[in-house]
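Remarks on the overall topology
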Amino acid sequence: MATAMAKRLEGKTILITGASSGIGRSTAMEFARTSPKSLKLILTARRHDALKAIAEDIKKEVGEGVKVLPVKLDVSKSNEVKEFVENLPSDFKDIDVLVNNAGLVKGKDRAPDIKEDDLDIMFSTNVIGLINMTQAILPIFKKRADGGKGDIINIGSIAGRDPYPEGSVYCATKAAVSSFTDAMRRELIDTRIRVMEVAPGQVETEFSIVRFYGDKAKADAVYKGCEPLTPDDIAEAAATVMHKKT
Ligand SMILES: NC(=O)c1ccc[n+]([C@@H]2O[C@H](COP(=O)([O-])OP(=O)(O)OC[C@H]3O[C@@H](n4cnc5c(N)ncnc54)[C@H](OP(=O)(O)O)[C@@H]3O)[C@@H](O)[C@H]2O)c1
């Protein structure tokens, strides 16, 4: 018998940004495992080859019931986001769930030594990218009856609520995600569009490798002496907060 979570997911079309690694990849796998008979996944990120490999992994593990569309997309580029939505194949257009997961941290600097490129990429990805995606997908949700229906799951961070030194810009981007999520929830309160935030603590992914510009030794040192969450932990949380089908 299908679990409540499987019933929630069955037949849905789910778009995940930043699905090429870490939490995004695990979320795609978790959704596929939970609803292996009927699901459509649109997986996006800048690394298309990694997305294609994940599509293969899903097919190998659960078979043909989960249809996967891997699409190269940089969420920080508003023109790419618009083109992506306009060019979705007809059988993937009717999106039910948007998981705004793409995000990154760069550097560990204190003001006034924060690098301009790091500042730009963190805000343009974590904040503007998430807003770009939301604005592009929301009209699909709003076309549905009674003011609209759909789920938006934003991946925030505990860093947005509990900011730390040398992470000021990243923390500020995640505070912005939290604030945007709360405002959206209130704007859409009279519809069946739900806007949720999952705000993880420390998770071991490629996150720290990206922070230290590819320096794996520095990244590994971040997790010494603590037991970080795994991306699968966050994927489970994301699947649990989803809306019921009817
Ligand atoms: N790890 C943690 O401790 C932690 C804690 C709290 C919250 N988070 C949040 O969780 C989310 C996922 O991070 P993660 O930990 O899973 O790190 P990760 O393994 O580095 O994954 C980040 C994902 O974001 C994608 N991405 C980055 N920039 C992008 C862009 N401009 N356009 C499209 N995709 C982009 C990356 O794909 P490409 O490089 O292929 O584009 C990758 O798939 C982020 O929003 C992060 O802030 C992480």
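Residues numbered from 1 in each chain as written. Predicted model: local features only at pLDDT ≥ 70, side-chain atom pairs only at ≥ 80, totals over all residues. Heavy atoms only, no water.

What to know about the sheet that holds strand β2 (residues 39–45)
A sheet is described by the order of its strands in space; here six strands give the open sequence β3-β2-β1-β4-β5-β6, paired in parallel fashion. On the outer flanks of this sheet lie β3 (66–72) and β6 (192–198), each paired with one strand and no other. Here the strands of the sheet are splayed against their neighbours by 15° on average, with no regard to which way each runs. Of the pairings in the sheet, the one linking strand β1 (residues 13–17) to β2 comprises five bridges and is parallel in character. Residue Ile14 lies in a different strand from β2, and its bridge partner there is Leu41. Against the sheet, helix α3 (residues 48–62) touches β2 and β3, its axis set at about 175° to β3. (Pairing = 2+ DSSP bridges. Helix = DSSP H or I, 4+ residues; strand = E, 2+ residues; numbered from the N terminus. Axes fitted to C-alpha atoms, helices over the stretch in contact; angles between N-to-C directions. Contact = heavy atoms within 4.5 Å.)

Points about helix α4 (residues 78–86)
Of the positions making up α4, those classed as buried are Val81, Phe84 and Val85. Buried residues in α4, looked at end-on, bunch into an arc of 95°, giving them a common side. When the buried face of α4 is taken as reference, the exposed residues oriented beyond 90 degrees from it are Lys82 and Glu86. Those residues of α4 that are buried lie in contact with β1, β2, β3 and α5 (116–142). (Buried < 20%, exposed > 50% of the residue type's maximum accessible area, 1.4 Å probe, protein only. Arc of directions from axis to C-beta.)

So, the packing of aromatic side chains
Evaluation of the coordinates by the stated rule reveals one aromatic pair. With a centroid separation of 5.2 Å and 65° between ring planes, the pair formed by Tyr170 and Phe207 is classed as edge-to-face. Pair noted here: Tyr170 is in helix α6 (residues 168–187) and Phe207 is in helix α7 (residues 207–211), with a separation of 37 residues, a long-range link. By relative accessible area, which is 7% here, Tyr170 ends up buried. (Phe/Tyr/Trp six-rings, centres within 6.5 Å; stacked < 30°, edge-to-face > 60°.)

Digging into the pattern of salt bridges
Taken as a whole and judged by the stated rule, the model has 15 salt bridges. Arg144 is the partner of Asp96 in a salt bridge, and the nearest nitrogen-oxygen pair spans 3.9 Å. With a gap of 48 residues between them, Asp96 in the loop between α4 and β4 (97–100) and Arg144 in the loop between α5 and β5 (149–155) connect regions that are remote in the sequence. As far as burial versus exposure is concerned, Asp96 and Arg144 are alike and both buried. The residue Lys115 makes a salt bridge to Asp109 at a minimum N-O spacing of 2.9 Å. (Salt bridge = Lys/Arg side-chain N within 4 Å of Asp/Glu carboxyl O.)

Re the site of the ligand
Among the 28 residues in the neighbourhood of the ligand, the closest are listed as Ser20, Ser21, Arg46, Tyr170 and Thr205. Between the ligand and Asp74 there is a distance of 2.8 Å, counted from a nitrogen atom to a side-chain nitrogen or oxygen. Between the ligand and the protein, one listed contact pairs an oxygen atom with a side-chain N or O atom of Thr205 at 2.6 Å. Relative to its free-state accessible area of 870 Å², the ligand is covered by the protein chains to the extent of 96%. Listing elements by their share of the shell around the ligand, those giving two or more residues are α2 (22–34) and α6. Considering only residue class, the shell around the ligand consists of eleven nonpolar, twelve polar and five charged. (Near = heavy atom within 4 Å. Polar contact = N/O pair within 3.5 Å; in protein donor to acceptor, adjacent residues only side chain to side chain. Areas by Shrake-Rupley, 256 points an atom, 1.4 Å probe, with all protein chains shown as cover. Nonpolar A, V, L, I, M, F, W, Y, C, P; charged D, E, K, R; others polar.)

Considerations on the pairing of β3
Note that β2 and β3 share seven bridges and pair parallel. Following the sheet pairing, Leu41 is matched in β3 by Val68. Considered for its hand, the β-α-β crossover made up of β2, α3 and β3 is right-handed. (Right-handed = clockwise from strand over helix to strand, strands pointing away.)

Details of the nonpolar core
Ranked by internal contacts, the top residues of the largest apolar core, which has 27 residues, are Ile14, Ile16, Phe31, Leu41, Leu43 and Ile58. Examining the composition of this core, we find that five residues originate from one element, α2, more than from any other. Counting 25 residues, the second-largest nonpolar core is a separate cluster that includes Val71, Ala136, Phe141 and Met184. (Core = buried A, V, L, I, M, F, W, Y, C linked by side-chain atoms within 4.5 Å.)

Distances and angles like these do not, on their own, reveal function.
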